[in-house]
Amino acid sequence: MTNSEQEVRDADCILITGSNTGESHPVLSYEVIRAVKKGASLVVIDPRAISMTRHATLHLRPKPGHDMHIFMAMAHVIIREGWADMDFIEARTEEFETFKQSVMETTPEVAALATGVPADKIEEAARLYALGQRQSGKSIYAEGNGTAEPRGHSTILYAMGITQRSNGTDLVHMLANLSMMAGQIGKPSTGVNPLRGQSNVQGACDLGGLPNVLPGYQKVFDEAKRKAVAEKWGVADLPAKVGLTVVEMGHGMAEGHVRAMYVMGENPLMSDPNTNLVEQEFRLLDFMISQDIFLNETGQLAHVVLPAASSLEKDGTFTNTERRVQMLYPVVPPPGQAKADWEIVAAIAQKFDEKMGRAGHVKWNFASTAEIMAEVAAVTPIYGGISHQRLAGDGLQWPCPTPEHPGTQYLHAGKFSRGLGKFFPIKVTLPYEQPDEEYPLILTTGRVLYHYHTGTMTRRSEGLDWRVPRGYVEVNPVDAAAIDLLDGGTVKIISRRGEVRTQARIGERVPPGVVFLSFHWKEAPANILTQDEKLDPIAKIPEYKANAVRLENPKMKRTKKAKA
Amino acid sequence: MSAIIRLGMSTSDIAAGAEATFLALQSAVRHRQLPVEIKRTGSLGASHREPVVDVEIDGQSTLYGPVTPERVRPLLDQHFGSGGRGVSSDWLISRRNDRSDYPFLGKQVKVTTRLCGLIDPYSLEDYLAHDGYEALKKALKMSPEEVVQAVLDSKLRGRGGAGFPTGIKWNLIRKSPNFPKYLICNADEGDPGAFMDRATIEGDPHKLLEGMIIAAYAIGASRGYIYARAEYPLAVSILRHAINQAREYGALGKNILGSGLDFDLTIKEGAGAFVCGEETALMHSIEGKRGMPTMRPPYPAQSGLWGYPSNINNVETLASISSIVLNGPDWFAGLGTDKSGGTKAFALTGAIQRSGLVEVPIGTPLRELIYDIGGGCADGHDLKAVQMGGPSGGCIPANLMDTIIDYDELRATGAIMGSGGMVVLDDTVSMVNMAHYFLSFTQDESCGKCVPCRVGTRKMLNILQRLLAGRGRMTDIDNLRRLCITVGQGSLCGLGQTAPNPVLTTLRYFEDEYMAALEGGANGNVQAQLAAEVTA
Amino acid sequence: MIKLTIDGKTVHANPGDHVLDVALENGIDIPHLCHHKDLFPSGSCRMCLVQVEGAPRPQTSCGMTVQDGMVIDTKTGAIEAMRRDIVDLFVSDHPLNCVICDKNGSCDLQDNAYRYNIQETSFDFELSRPKYYDDNPFYVRDYQYCIMCGKCVRVCDEIVGANAIDFSGRGFTSIISTPFEVPLAESDCVFCGNCVQICPTAALLPRSKIGKGREWEMERRQTICGYCGVGCTVEYALKDGKIIYAQGTPDGAVNGEFLCVKGRFGWDFNSSPDRLTEPLIRKDLAYELGLTDEPWEMPKTSALKGKPKLGNFIPVSWEQAIDITATKLAGIVQKHGPDAVVGLTSARCTNEENYLFQKFMRAGVGTNNVDHCARL
């Protein structure tokens, strides 16, 4: 997030798109509710009638994959109506003109035709967002605080509904364009705020858990930076070639050049697209290590399974979605011989170096996580000032480059990280897989409130499992009627990759033509259906939010056959 | 010869059998082919003589009641047939147009109920024929400020009971910079035995609408709500009808009477909770939430319905507005006392000879109302006290009957003006029992939000029950006094704050009855009798 | 800045501040039961009444905004007497079962009864709503202990936005309820348990806590929730080394006292019997390494089908497991080069672990083939 979670409660307008905040980030949704209860306006752009729409001032409901039109039309309206913050654009950004040209054609009427969202709703959304207009109550920014700032503060919250798309990078650029043109960035309660789905997904990215960057987003191909890290680690150099992403790794197994995989605390068999293919690929491996707290689906294919301590059983730090590094403290001891992941990794690394005949070059024998963090700070500029000692209490938000630095509540204050904020010209790309006669519906995937990711943890929680014990697919009554499907009935969802059988929940939460399936249940794994061919070209993220499928009612088929 | 026969067809008339009388009258007139217009009107207020029939021939009116179906024939014979046999003086009410021969009607001064019983509430023409919507036309030629000033000068005070000057209230919301503004009419008449608002709406709905439109113009409201009791189906249907007529007439909707004013009205039916008479609870109810009071400030004029500035007046207050505008504030102020102008309507019930709806100038002594208009207690009993203001009010003993009807004078006795409920208690009534009756009402109606009201009134009620059952404890009277303070001072809203009033005033004027009850219990189940009278 | 006087002490406040908050910040203790700093004031408990100079009746300090020059007395004889009466009324329909109550020691009503030295009610005791609901695995509702402060209703509306419960009924027997008293599972309840957290009495209790120990016997440990990326601080109450219940804490940096259903109630997976407790080697590899005599082949059935099959593995010691792993990896690197190895680090592991893992992949194995489920 460019900004901080608690700033949301003071926002004047909140734009939520591609985030089922109430179910995937419930506690952050509380900040949204608090703002709304104080009179902020809430604009939700989402094909599904998610729980936040109950509180929304405005709900724009495009077909899945068609929201780019809406954002472009909003930009069009903001320019047309003179709501753009020209002072901000001139002082803080560049290439606005190119961007402006790219949206000139997309009038609200054009967008309405493409998306099915009425033009006046798009105009209203543009007005609320650009001007930060409230429903009621007083803004702490626009009035009453002595600094007669003309507009309220608007914030954008988004999640995987934007990024798990074949044009996800474009969409993120578009949201950034919107925030810059309205001057809604670099101030409290504004910004472009991705909501990260896992406890430490931010930290995993920050600290080099990506194939193209070293800790602190230092590019592996940036020789100076790479060499500096290599030197601190005690090696001559580090690999300069960008590594494989999750989906590419699987393809590498199929092609035979990837022979071993070390999985720590992940369940890629369930979370990666096109599960059937993934399983085939994993089975090709010569060697696979699964280090986890449970024997998950992936672990069953592993050669070695190593028992890990859970987050309740160890210390260390997590970095949350607002870049806040916070201390973990052990609450209970690990079961049996289970060990903290860092201890296991260190032991393997140590032994590996011995086997490779180069023990002692690189430091692996850390006495504590605090000692690891000291090394993190030394090689990671954005974490430069962070130490366990400083984190007691509320933690610290990076960038925190020096031990004296207080941390950063919101980014881009006064100046963008890259200097001038760059506008990206935008063009519309539709989802790779379009519905056709054979697969007429669009499948979108996501989470439900009571479960988490691949269900490894939540399905072993008595209460959570009691609440939602089985997977289900959301189907609109119109599509259900077409195949005589009753609420609670069994239904088959079929894509070009495979098929899933589950229970139907019929209702208006999804619009006609759209079905929603969660990926928590191995009995109905959504990713059997998703495509892994066309990823976002830059972020390499699979398009989970729009895949073509069809529904079949197994009962109806049988009766038809019987009749025939 | 022009002849009109008016028959009261309000809820109370209907309860007294007016429908059968109407059918009899209609068929008789048709059968005899009489050149008579039969007009169904609201109530004249004389509940004790309903159904009431007014025969007006060439401007000369004769009033009868109660007119049962079998009395229709002799009545028609009297005026249109062979002559006067069969018409008893027992059911002749008045032969004079000014009703000076029947003090119950003759001694009243009618402003808000002026046309009740005279006009057909379903007829806009009737209303227009009696200067209807003239006040609105006049107001629209004035500036909103001038209208507010007129209301200020009229010394009109809120008829809901608290008596806050209406003009000041209007000025507060007028000055609010926030829009939209809402105008709300509180027609949730909840006091047991009170029916002033019902009678006003059922007799002359346009008078309320006209007042509301003028109010909307004065305060800058664009939308209005009438929060009406769901238990008043006839009043609600008459109001709906009238609103449609007003829209057709151009007095509601866009560009009212060509003035550029936009204002429209919606009826919201309450679910019958007494607490919804409280302003904040009422607004929550309109918003579709549970009717629960919230703390003030913020006052509705700052943050009311859906957070927007809102103004709430009761039916009688708003029904007074057209008369103020049309006849001038000085005329209205002149009707009342120095501090408070106009008239006040009361629902006179209980052990009184002549019960019904009465409207008298502010400043009228209670004695005049009870004895001259009401005829004193029925069946030769002596007056013991008058309970004013329903469950939130208090009792005034017989020896204080010289008290005048005025907000401050009444408050000094421990009672309140209230919205107009007036229950007459004679010497057969146990005051402990009376307090118990009203307290059990408030206890049942407590919204449950704050403990003094929810639990405190229950504990008071338990004590009264014990006393009445002859099982009183020595600590009970002290505990009762203590609870009166905690509940009265400690409760969140007006309902709880005023709930102890019936107990406080009876303790003040009739402590001996409490002491007697502590020793031996109350004699007889007077409660049932009182309940029967009050709800009659 | 506004200046006002509370109990003779001059204090400063910002416009719009409420008197109760200002008093508490300045160390002036005004009793209260329905106030919560994150909720809009409701004024329902009537305990925070104070006397404002010039006001005809006591004023509710939680909902009263400060005015310049205000003079407030929080402890006049009349006010203290009224507060005592109010607690007296509260305990007249609240059983004082403190000795057997799971809230004993953390009950706001108990604290106030102690403060005003109330052993039992001086009025007649009468239960108003003896209703008990045990309709879900997360928490129980025992309305005989409810004091109708409405905090649960407000948190459900103002923070969570679920609006699952509201006041219902009228008068003495009024109660907090779902619409038409349907079971919670059929209501809009999202089981976040924030109502349980802020309930001042034993009316709402986590089910896992009932009968499991006294408040003062429990040890409390804080950490960060392991679920989504919001980063809530969770406090666990433990007895004999076992988690009894979890709750938010006012010092939570991002969440304050509030949590969601997973954070508050979803911790029991941690003690699941399915937890891995020893290193395992798949049987075919074990056979290959001579750790077992039985030949074995990996079944073809999908790993998604059926329960996790521990029977496909045999336990080994840590030393063996590490040695086998390192040997295998080293062998593959030596044979196929470092890029033949890929690693998935974890969005659910700590920064230190992620750092070490990618350091191992880059500086140990020598490849950039490291990723995790950030995109998934």
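Quick caveat, the model's predicted, so the values are computed rather than measured. Sequence order sets the numbering: in each chain, residues are counted from 1 along the sequence as written. Chain letters start at A and ligand numbers start at 1, both assigned in the order the entries are written. Restriction of local features to residues with pLDDT of at least 70 applies here, the model being predicted, together with a cutoff of 80 or more for giving and counting side-chain atom pairs; totals for whole chains, interfaces and linings are based on all residues.

1. Details of the overall build of chain C
Line of reasoning, step 1. Helical segments are the DSSP runs of H or I of at least four residues, strand segments are the runs of E of at least two, and each set is numbered from the N terminus. Of the regular secondary structure elements, chain C holds nine helices and 17 strands.
Line of reasoning, step 2. This radius of gyration counts C-alpha atoms alone. The globule rule is 2.2 Å times how many residues there are, raised to the power 0.38. For 376 residues, the compact-globule estimate of 2.2 N^0.38 gives 21 Å, and the C-alpha radius of gyration of chain C, at 29 Å, exceeds that figure by more than 25%.
Line of reasoning, step 3. Dimensions of chain C, computed from the C-alpha atoms along their principal axes, are close to 90 × 50 × 35 Å.
Line of reasoning, step 4. Here exposure depends only on C-beta density: within 10 Å of a residue's C-beta, 20 or more other C-beta atoms make it buried, 12 or fewer make it exposed, and intermediate numbers make it partly exposed, the C-beta atoms being placed from the backbone. Across the 376 residues in chain C, those meeting the buried criterion constitute 55%.
Line of reasoning, step 5. Residues are scored as being in contact if the C-beta atoms we place from backbone atoms lie within 7 Å. Partitioning the contacts of chain C with sequence separation of at least 6, the portion at a separation of at least 24 is 60%.

2. Focus: the sheet that holds strand E19 (residues 499-506) of chain A
Residue and element names in this part refer to chain A.
Line of reasoning, step 1. Here a strand pair is declared whenever DSSP counts at least two bridges between the two strands. Taken together, the six strands give a closed barrel; going around it, the order is E16-E20-E17-E19-E18-E21, and neighbouring strands pair in mixed fashion. Each neighbouring strand pair of the sheet contributes to a mean axis angle of 45 degrees, computed without reference to strand direction.
Line of reasoning, step 2. In this structure, strand E16 (residues 441-446) lies alongside strand E21 (residues 547-552), joined through three bridges in antiparallel fashion. Paired with Ile 442 across the bridge in E21 is Ala 548. Inter-axis angles, ranging from 0 to 180 degrees, are taken between N-to-C directions of lines fitted to C-alpha atoms, where helices are fitted over the stretch in contact.

3. Focus: the environment of Glu146(B)
Line of reasoning, step 1. Mapped onto the elements, Glu146(B) comes out in helix H7 (residues 144-153).
Line of reasoning, step 2. Between the C-alpha atoms of Glu146(B) and Asp13(B), which are 133 residues apart in sequence, the distance is 40 Å.

4. Things to note about the domain arrangement of chain B
Residue and element names in this part refer to chain B.
Line of reasoning, step 1. Domain start and end points were adopted from an automatic or database domain assignment. Here chain B is described as being made up of domain 1 (3-106), domain 2 (142-335), domain 3 (343-426) and domain 4 (431-534).
Line of reasoning, step 2. One C-alpha centre belongs to domain 2, the other to domain 4; they are set 33 Å apart.
Line of reasoning, step 3. Counting residues at the interface gives 10 residues for domain 2, matched by nine residues for domain 4.
Line of reasoning, step 4. Under the scheme applied here, ten amino acids are nonpolar (Ala, Val, Leu, Ile, Met, Phe, Trp, Tyr, Cys and Pro), four are charged (Asp, Glu, Lys and Arg), and all others, including Gly, are polar. Classifying every residue of the side of domain 2 that touches domain 4 gives eight nonpolar, one polar and one charged.

5. Considering the pairing of strand E18 (residues 490-494) of chain A
All names here are of chain A.
Line of reasoning, step 1. Pairing of E18 with E19 involves five bridges; the strand directions are antiparallel. For Val 491, the partnering residue across the bridge sits in E19 and is Thr 502.
Line of reasoning, step 2. As consecutive antiparallel partners, E18 and E19 are separated by four residues.

6. Here we look at the interface of chain A and chain C
Line of reasoning, step 1. Counting from both sides, the interface comprises 129 residues of chain A and, opposite them, 105 residues of chain C.
Line of reasoning, step 2. Of the residues assigned to the side of chain A that touches chain C, the class counts are 71 nonpolar, 34 polar and 24 charged.
Line of reasoning, step 3. Sheet analysis places strand E9 (residues 260-264) of chain A next to strand E16 (residues 341-344) of chain C, joined by four bridges and oriented parallel. The partner of Met261(A) across the bridge, within E16(C), is Val342(C).

7. Points about helix H15 (residues 341-355) of chain A
For an α-helix the count is 3.6 residues per turn, leaving residues at separations of three or four pointing the same way.
Residue and element names in this part refer to chain A.
Line of reasoning, step 1. In a helix, the anticipated span is given by 1.5 Å times the number of residues less one. Under the 1.5 Å per step criterion, the end-to-end length of H15 is 21 Å for 15 residues, consistent within 8% with the ideal 21 Å.
Line of reasoning, step 2. Of all 15 residues that make up H15, 12 are buried, and the element is covered over most of its length.
Line of reasoning, step 3. Turning to H15, its buried residues number three or more, namely Asp 341, Trp 342, Ile 344, Val 345, Ala 346, Ala 347, Ile 348, Ala 349, Gln 350, Lys 351, Phe 352 and Asp 353.
Line of reasoning, step 4. With its phi angle positive at about 75 degrees, Gly 357 sits one or two positions after the end of H15.

8. Here's the deal with the interface of chain B and chain C
Line of reasoning, step 1. Across the boundary between the two partners, chain B contributes 26 residues, which contact 28 residues of chain C.
Line of reasoning, step 2. Counting residues per element, the side of chain B that touches chain C draws most heavily on helix H18 (residues 451-468) of chain B, which supplies eight residues.
Line of reasoning, step 3. Grouping the constituent residues of the side of chain B that touches chain C by class yields nine nonpolar, nine polar and eight charged.

9. A few points about the nonpolar core
Line of reasoning, step 1. Residues enter a nonpolar core if they are buried, belong to Ala, Val, Leu, Ile, Met, Phe, Trp, Tyr or Cys, and are joined to the set through C-beta atoms within 7 Å. Counting residues in hydrophobic clusters, the biggest one holds 322 residues, and the most contacted among them are Ile14(A), Met74(A), Ile213(B) and Ile214(B).
Line of reasoning, step 2. Ranked by residue count, the leading element in this core is helix H10 (residues 205-219) of chain B, at 10 residues.
Line of reasoning, step 3. Excluding residues within four positions of it along the chain, Ile214(B) makes contact with Ala135(B), Leu136(B), Ala139(B), Val147(B), Ile321(B), Ser322(B) and Val325(B).
Line of reasoning, step 4. Within the second largest apolar cluster, 121 residues are counted, among which are Leu210(A), Leu269(A), Val305(A) and Leu280(C).

10. Overview of the sheet that holds strand E6 (residues 182-187) of chain B
All names here are of chain B.
Line of reasoning, step 1. The strand order E8-E7-E6-E9 describes an open sheet built from four strands, whose pairing is parallel. Edge positions in the sheet fall to strand E8 (264-270) and strand E9 (310-314), since each of these pairs with one other strand and no more. Between one strand axis and the next, the sheet turns through 20 degrees on average, direction left out of account.
Line of reasoning, step 2. Sheet topology note: the E6/E9 ladder contains five bridges and is parallel. If you follow Ile 184 over to E9, its bridge partner there is Ile 312.

11. Here's the deal with the environment of Pro329(B)
Residue and element names in this part refer to chain B.
Line of reasoning, step 1. Here Pro 329 shows up in helix H14 (residues 329-335).
Line of reasoning, step 2. Overall, the presence of 20 C-beta atoms within 10 Å leaves Pro 329 in the buried class.
Line of reasoning, step 3. Counting along the chain gives 173 residues from Pro 329 to Leu 156, while the straight-line C-alpha distance between them is 9.0 Å.
Line of reasoning, step 4. Pro 329 has contacts with Ala 150, Asp 153, Ser 154 and Ile 324, leaving out every residue within four places of it along the chain.

12. Regarding the confidence of the model for chain C
Line of reasoning, step 1. Confidence of the predictor in every single residue is expressed as pLDDT, which spans 0 to 100. Across chain C, the average pLDDT comes to 95, with 100% of residues at or above 70.
Line of reasoning, step 2. If you check the scores for this complex, the pTM reads 0.91 and the ipTM reads 0.94.

13. Description of helix H21 (residues 501-509) of chain B
Line of reasoning, step 1. Along H21(B), eight of the nine residues are buried, which leaves the element largely enclosed by surrounding structure.
Line of reasoning, step 2. Asn501(B), Pro502(B), Val503(B), Leu504(B), Thr505(B), Thr506(B), Leu507(B) and Tyr509(B) are the residues of H21(B) that are buried.

14. Brief notes about the domain arrangement of chain C
All names here are of chain C.
Line of reasoning, step 1. Taken domain by domain, chain C consists of domain 1 (2-90), domain 2 (98-271), domain 3 (276-334) and domain 4 (337-376).
Line of reasoning, step 2. Averaged C-alpha coordinates put domain 1 and domain 2 at centres separated by 26 Å.
Line of reasoning, step 3. Counting residues at the interface gives 17 residues for domain 1, matched by 22 residues for domain 2.
Line of reasoning, step 4. Taken together, the residues of the side of domain 1 that touches domain 2 break down into 10 nonpolar, three polar and four charged.

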